[in-house]
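Observations on chain architecture
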Amino acid sequence: MTHTEIEITAELVRGLLRDQHPDLADYPVKLGARGWDNQLWRLRDDLAVRLPWATQDADALLRKEHTWLPALAPRLPLPVPVPQRLGEPSPRLPRPWIVTTWMPGEPADRAPVTRGAKAAIALAAFLTALHQPAPDEAPAGRFGRGAPLADCSAGFAKQLAEAAERGLIADPDAVRAVWDDAAAAPDWAGPALWLHGDLHPANILTADGTLCGVIDFGDLFAGDPACDLAAAWSLLPDDTADLFHAAYQPAPEAATLRRARGWAVLRALSGLLIGDAGVHGRPGGKATWGPPAHAALQRLIATAQR
């Protein structure tokens, strides 16, 4: 993470609005959240300002959301943050930023799903609607997402070794068995479909025990739906993945589910390491990411051993 050299404050946000969107400049502004790539500042009761602060990739991710999400949002059955305005780089902040709709709810890493059946149906409906063929000019994935799963084997081995060394995994061989089966599955041969690309618990909002929104479409890209279908193990309680797969349309092939399990393993290992870093105060750590990642690995291992 590389934090911007400019401190982002309410005064800065109001100044940016005053310069480029003056009709919004007089409304109350307060910090909403600091994410991996961006800061989120509440504007009025229904809007938010997203500004890059911690990675160099954030500029392109914000522009991607502004370009593509308004056209995709109307067909999605769960609320998503819809970009309303674009802010261009300026002397105040030499990076782009956006004004988007505010999303109520709590991130699932802090408020996990408890109404599993209802959430499974909601997630399946959301991904069925999102996973439609994308145009040729749709963005590609990053961090290996969209590539054949086997291409990520070196990254998997590194993360598994680190997690085992830190004592975060009781049975590394069981985790490796899930991965080996997934990496050996046939590659996706269908059309490139629109994908969220980063459906970990912190990017899902919950209320009353079920899903109420999906946020952070910065990793939106076109590719293999297995990347998103991994969410069945990452987000949903025990014994609800089968219900999710039955509700998702078209019914996923066995090879797709095998690859999805591999993506779920990668996401869980990353969550374990980020969670451990948070517990021990290391940079980039988020302590709330650990418990859902651990639970996801347990589900993956348990279902593999049936």
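Considering the overall build of the protein
Helices and strands together make up the secondary structure of the protein, namely 10 helices and 10 strands. Expected size for 306 residues packed as a compact globule is a radius of gyration near 19 Å; at 19 Å, the protein falls within 12% of this value. Across its three principal directions, the C-alpha atoms of the protein cover 60 × 40 × 35 Å. Considering the protein as a whole, with its 306 residues, one finds that 52% of them fall into the buried category.

Quick word on the nonpolar core
F126, L127 and F244 are the most contacted members of the largest nonpolar core, which has 68 residues in total. Broken down by element, this core gets its largest block of residues, 9 residues, from helix α9 (residues 254–279). The contacts of F244, once residues within four sequence positions are left out, are A120, L123, A124, L127, L229, A232 and L236. Counting residues in each nonpolar core, the second largest holds 19 residues, with L12, L24, A25 and W53 among its members.

Considerations on the sheet that holds strand β1 (residues 29–34)
Within a beta sheet, neighbouring strands are joined by backbone hydrogen bonds and run either parallel or antiparallel to one another. The 5 strands lie next to each other as β1-β2-β3-β5-β4, forming an open sheet whose pairing is antiparallel. Of all the strands in the sheet, just β1 and β4 (83–87) have a single pairing partner and so form its edges. Sheet twist, expressed as the average angle between the axes of neighbouring strands with direction ignored, equals 25 degrees. Here 5 bridges tie β1 to strand β2 (residues 38–43), and the two strands are oriented antiparallel to one another. Counted as the bridge partner of A33 is L40 from β2. In the packing of helix α2 (residues 58–72) onto the sheet, the strands contacted are β2, β3 (47–52), β4 and β5 (97–101), and the crossing angle to β4 comes to about 140 degrees.

Notes on the sheet that holds strand β9 (residues 210–214)
The antiparallel open sheet is built from 3 strands, whose spatial order is β6-β8-β9. This sheet does not close on itself; its edge strands, each paired only once, are β6 (106–107) and β9. As paired elements, strand β8 (residues 204–207) and β9 share 4 bridges and run antiparallel to each other. The residue of β9 that forms the bridge with T206 is L211.

Looking at the packing of aromatic side chains
Going through the model one piece at a time under the given rule, you end up with 3 aromatic pairs. The ring of Y27 carries R44 above its face, with NZ or CZ at 5.0 Å from the centroid. If you follow R261 out to its NZ or CZ, it ends over the ring of W233, 5.6 Å from the centre.

A word on unusual backbone geometry
A negative phi holds for most residues other than glycine; trans holds for most peptide bonds. Omega for the bond connecting Q249 with P250 falls within 30 degrees of zero, at -5 degrees, which places this linkage in the cis form. By the element assignment, P250 lies in the loop between α8 (241–247) and α9. One non-glycine residue, D208, lies in positive phi territory at about 55 degrees. Along the chain, D208 falls in the loop between β8 and β9. By relative accessible area, D208 is classed as exposed at 68%. The backbone phi angle of D216 is positive, close to 55 degrees, even though this residue is not glycine. Residue placement: D216 occurs in the loop between β9 and β10 (221–223).

Rules of the game
- Residues numbered from 1 in each chain as written.
- Predicted model: local features only at pLDDT ≥ 70, side-chain atom pairs only at ≥ 80, totals over all residues.
- Heavy atoms only, no water.
- Helix = DSSP H or I, 4+ residues; strand = E, 2+ residues; numbered from the N terminus.
- Rg over C-alpha atoms; globule rule 2.2 N^0.38 Å.
- Buried < 20%, exposed > 50% of the residue type's maximum accessible area, 1.4 Å probe, protein only.
- Core = buried A, V, L, I, M, F, W, Y, C linked by side-chain atoms within 4.5 Å.
- Contact = heavy atoms within 4.5 Å.
- Pairing = 2+ DSSP bridges.
- Axes fitted to C-alpha atoms, helices over the stretch in contact; angles between N-to-C directions.
- Phe/Tyr/Trp six-rings, centres within 6.5 Å; stacked < 30°, edge-to-face > 60°.
- Lys NZ or Arg CZ within 6 Å of the ring centre and 35° of its normal.

Any link to function would need more than the numbers given here.
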